[in-house]
Amino acid sequence: AGELKLLQRTMATNATIEMRDCWFSDNEAAVGGGLYLSNSTATLQSTIWAHNTASNGGAVYQSGGSDAIVSCTSVDNFAAAGTDYFGWDMPGTLLLQSSIFAFGDGGRAFRCGYVQITADRCDVFGNPFEDGALCLRDPRTEYGTATHDPRVRGAAGGRARCRAGAACARGA
């Protein structure tokens, strides 16, 4: 992983991780440019992933486990598959709640694998191939818009961009 790798080495123990107000920026890795989760129970809240790069999972890579991403922002990450999120072919669960996934570059924004994802009141927009994936369908999640994040504004006649000085903006 580029910035942080969280592993549960044995199935006999239960590793529980809570992270708040973190910022993962400008990291590079083969998988999980910002964060690699493996068989963990993690709650990530008010966290930002920006400008991270990986072959799989530009912002987050998950292999099994039961994780939650709440009130987070993923912006301008790059990966060949899963610019914002990559779920490996191992059963797991992920809750995405009130979060933003924007302007990913490379492959699809989400690669879900065998991870069961519940999306609730998220914004997914500005990504290259599609803004939503079939595994993310939720009537309260907005695809192709920026309605929940005050740090993002619509440009006249163009797509939304991060406001100058916002944590999601380059050089902030």
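Here the structure is a predicted model, which is why all the values come from computation and not from measurement. (Residues numbered from 1 in each chain as written. Predicted model: local features only at pLDDT ≥ 70, side-chain atom pairs only at ≥ 80, totals over all residues. Heavy atoms only, no water.)

A separate point is the packing of aromatic side chains. In the structure shown here, the tally under the stated rule is six aromatic pairs. An angle of 15 degrees between the planes, with centres 5.0 Å apart, marks the rings of Tyr 36 and Tyr 61 as stacked. Separated by 25 residues along the polypeptide, Tyr 36 in strand 5 (residues 35–38) and Tyr 61 in strand 9 (residues 60–63) bring together distant segments of the chain. In this structure Tyr 36 comes out as buried when scored by relative accessible area, which is 14%. (Phe/Tyr/Trp six-rings, centres within 6.5 Å; stacked < 30°, edge-to-face > 60°. Helix = DSSP H or I, 4+ residues; strand = E, 2+ residues; numbered from the N terminus. Buried < 20%, exposed > 50% of the residue type's maximum accessible area, 1.4 Å probe, protein only.)

A word on the pairing of strand 2 (residues 16–20). A regular strand places its side chains on the two faces of the sheet in alternate fashion. Side-chain alternation along strand 2 places Ile 17 and Met 19 on a buried face and Thr 16, Glu 18 and Arg 20 on a face that remains uncovered. Strand direction decides the pairing type here: strand 2 and strand 6 (residues 41–45), joined by five bridges, are parallel. Along strand 6, the bridge assignment pairs Glu 18 with Thr 43. (Pairing = 2+ DSSP bridges.)

This part takes up the sheet that holds strand 4 (residues 28–31). Strand order in this open sheet of four strands is 4-8-12-16, and the pairing throughout is parallel. Taken across any chain shown, the strands that pair with only one partner, and hence form the sheet edges, are strand 4 and strand 16 (105–106). In terms of strand pairing, strand 4 meets strand 8 (residues 53–56) through three bridges, oriented parallel. Across the sheet, Val 31 pairs through a bridge with Asn 56, a residue of strand 8.

Let us now look at the sheet that holds strand 10 (residues 65–70). One open sheet holds the five strands; their spatial order is 2-6-10-14-18, and the pairing between them is parallel. Edge positions in the sheet fall to strand 2 and strand 18 (115–120), since each of these pairs with one other strand and no more. Geometrically, the sheet is characterised by an average inter-axis angle of 10 degrees between neighbouring strands, direction not taken into account. (Axes fitted to C-alpha atoms, helices over the stretch in contact; angles between N-to-C directions.)

Our next topic: the pairing of strand 14 (residues 92–97). Alternating positions in strand 14 separate cleanly, Gly 92, Leu 94 and Leu 96 being buried on one face and Thr 93, Leu 95 and Gln 97 remaining unburied on the opposite face. Where strand 10 lies against strand 14, six bridges are found, and the strand directions are parallel. Note that in strand 14 the partner of Gly 65 across the bridge is Gly 92. Pairing of strand 14 with strand 18 involves six bridges; the strand directions are parallel. Directly across from Leu 94, in strand 18, lies its bridge partner Ile 117.

Here we take up the nonpolar core. Grouped together as the largest cluster of nonpolar side chains are 23 residues, with contacts concentrated most on Leu 44, Trp 49, Val 60, Ile 69, Leu 96 and Phe 110. Among the elements of the structure, strand 2, strand 5, strand 6, strand 14 and strand 18 are those that each provide at least two residues to this core. With residues near it in sequence (within four places) discarded, Leu 44 still touches Met 19, Leu 35, Leu 37, Trp 49, Ala 68, Ile 69, Val 70 and Cys 72. Of all hydrophobic cores here, the second largest spans seven residues; its members include Ala 50, Ala 102, Phe 103 and Phe 125. (Core = buried A, V, L, I, M, F, W, Y, C linked by side-chain atoms within 4.5 Å. Contact = heavy atoms within 4.5 Å.)

Caution applies to low-pLDDT regions: their predicted coordinates should not be interpreted in detail. With 66% of its residues at a pLDDT of 70 or more, the chain shows a mean pLDDT of 76. The low-confidence segment residues 153–160, where pLDDT is below 50, has 11 contacts with residues more than four positions distant or belonging to other chains. (pLDDT = per-residue confidence, 0-100.)

What follows covers the environment of Gln 97. By the element assignment, Gln 97 lies in strand 14. A relative accessible area of 22% places Gln 97 in the partly exposed class. For Gln 97 and Thr 118, which are 21 residues apart along the polypeptide, the C-alpha to C-alpha distance reads 8.1 Å. Within the structure, the side chain of Gln 97 is placed 3.1 Å from the side chain of Asp 120, a separation counted as a polar contact. (Polar contact = N/O pair within 3.5 Å; in protein donor to acceptor, adjacent residues only side chain to side chain.)

Here the focus is the state of the cysteines. Counting across every chain of the model gives zero disulfides. Cys 72 provides the cysteine sulfur closest to Cys 22, a residue in no disulfide bond, and the two sulfurs are 9.0 Å apart. The thiol of Cys 122 is unpaired, and the distance to the nearest cysteine sulfur, on Cys 72, comes to 9.5 Å. (Disulfide = S-S within 2.5 Å.)

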